[in-house]
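# Remarks on the overall topology
One-letter residues, chain by chain:
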Amino acid sequence: GAWVDEADFIYADGSGSAPFTLRLVDVEVVTMTEGLKLVSLCLSLVGLIVCFVLAVMVWVYREKTEIRISQPKFLYTILLTCSLRLFVVLFLLLDSSTPYLNEMLDEICLAKVYTYYLALTIRYTALMIKLRMLNIALSSSRE
């Protein structure tokens, strides 16, 4: 194996000469308006507070018939996934106009995607388990 001369290299266009250099194009960065960010932040925080209050209510009234029938673990799981989805909305509020976060935007974007799909996976897993338990209960009552 000897080194190959640069002139012998064949580029993707089939020629031996290097392609022209690409010019930089100005891209307009579109960010959310401050009003939309404020409304989204308020709604997300209200939603997180409601999820917390509902979780406390489920814990306080866990001995009531309605809560026991609804299975508190299932209710907690649904509330957890609602909270995770609201955190995703909070992640959406962070963009390049947010001060002090420009270095972390890639990590925040990854966290947003993983949190979103984690919430979906947990929610649908809980729903499938609940449906399976209902199926078992109904099939055993028929026998």
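Basis of the calculations
Residues numbered from 1 in each chain as written. Predicted model: local features only at pLDDT ≥ 70, side-chain atom pairs only at ≥ 80, totals over all residues. Heavy atoms only, no water. Phe/Tyr/Trp six-rings, centres within 6.5 Å; stacked < 30°, edge-to-face > 60°. Buried < 20%, exposed > 50% of the residue type's maximum accessible area, 1.4 Å probe, protein only. Lys NZ or Arg CZ within 6 Å of the ring centre and 35° of its normal. Axes fitted to C-alpha atoms, helices over the stretch in contact; angles between N-to-C directions. Helix = DSSP H or I, 4+ residues; strand = E, 2+ residues; numbered from the N terminus. Parallel < 35°, antiparallel > 145°, perpendicular 65-115°, else oblique. Left-handed = near helix turned anticlockwise from the far one by under 90°. Contact = heavy atoms within 4.5 Å. Nonpolar A, V, L, I, M, F, W, Y, C, P; charged D, E, K, R; others polar. Expected span 1.5 Å × (residues − 1). Polar contact = N/O pair within 3.5 Å; in protein donor to acceptor, adjacent residues only side chain to side chain. Core = buried A, V, L, I, M, F, W, Y, C linked by side-chain atoms within 4.5 Å. Patch = residues over 30% accessible without salt bridge, like charges linked within 9 Å, V, L, I, M, F, W, Y side chains within 5 Å. Areas by Shrake-Rupley, 256 points an atom, 1.4 Å probe, with all protein chains shown as cover. Salt bridge = Lys/Arg side-chain N within 4 Å of Asp/Glu carboxyl O.

### Points about the packing of aromatic side chains
- Counted under the stated rule, the structure contains one aromatic pair.
- Measuring from ring centre to ring centre gives 5.0 Å for Tyr-116 and Tyr-117, while their planes differ by 85°; the resulting arrangement is edge-to-face.
- With relative accessibility at 49%, the residue Tyr-117 sits in the partly exposed group.
- For the cation-ring pair, Arg-62 lies above Trp-59, with the distance from its terminal atom to the ring centre recorded as 4.4 Å.
- The lysine or arginine in question, Lys-130, covers the ring of Phe-74, its NZ or CZ lying 4.8 Å from the ring centre.

### Some words on the packing of helix H1 (residues 34–60) against helix H3 (residues 72–92)
- Where H1 meets H3, the axes come as close as 9 Å, and the angle between the chain directions of the two elements is 165°. Classified by the interaxial angle, the pair formed by H1 and H3 is roughly antiparallel. As for how H1 packs across H3, the hand of that crossing is left-handed. On the side of H1, the interface is formed by Ser-40, Leu-41, Ser-44, Gly-47, Leu-48, Cys-51, Leu-54, Ala-55, Val-58 and Trp-59, while H3 contributes Pro-72, Leu-75, Tyr-76, Leu-79, Cys-82, Ser-83, Leu-86, Phe-87, Val-89 and Leu-90.
- Considering only residue class, the contact of H1 with H3 consists of 16 nonpolar, four polar and no charged.

### Comments concerning the environment of Pro-99
- With respect to the helices and strands, the residue Pro-99 is situated in the loop between H3 and helix H4 (105–142).
- Exposure remark for Pro-99: the relative accessible area of 54% places this residue in the exposed category.
- C-alpha of Pro-99 to C-alpha of Cys-109: the two residues are ten residues apart in sequence and 16 Å apart in space.

### A closer look at H3
- Helix length check: H3 (21 residues) gives 30 Å between terminal C-alpha atoms against 30 Å at 1.5 Å per residue, within 8%.
- Along H3, the positions that sit buried rather than exposed are Phe-74, Leu-79, Thr-81, Ser-83, Leu-84, Leu-86, Val-88 and Leu-90.

### Some details on the side chain of Thr-115
- With respect to the secondary-structure elements, Thr-115 resides in helix H4.
- A distance of 2.6 Å separates the side chain of Thr-115 from the backbone oxygen of Ala-111, its partner in a polar contact.
- Those residues in contact with Thr-115 that sit more than four places away from it in its chain are Leu-84, Val-88 and Phe-91.

### Points about the nonpolar core
- Counting residues in each nonpolar core, the largest one holds six residues, listed as Leu-48, Cys-51, Leu-79, Leu-86, Leu-90 and Leu-93.
- Listed by contribution, the elements that provide at least two residues to this core are H1 and H3.
- At three residues, H3 tops the list of elements feeding residues into this core.
- Every residue in contact with Leu-86, bar those within four places of it in the chain, is listed here: Ser-44, Gly-47, Leu-48 and Cys-51.

### Some thoughts on a nonpolar patch on the surface
- A surface patch of nonpolar side chains, amounting to about 1100 Å² of accessible area, comprises Val-46, Ile-49, Val-50, Phe-52, Val-53, Leu-54, Val-56, Met-57, Trp-59, Val-60, Tyr-61 and Tyr-76.
- Take the nonpolar patch: its biggest share by element is ten residues, from H1.
- The topology assignment puts Met-57 in helix H1.

### Things to note about the packing of H3 against H4
- At a closest axis distance of 9 Å, the pairing of H3 and H4 adopts a crossing angle of 160°. By the criterion of interaxial angle, the relationship of H3 to H4 is roughly antiparallel. For H3 against H4, the interelement crossing comes out left-handed.
- Each residue belonging to the contact of H3 with H4 can be placed in one class, and the counts come to 17 nonpolar, three polar and four charged.

By themselves, these are just geometric observations and shouldn't be taken as functional.
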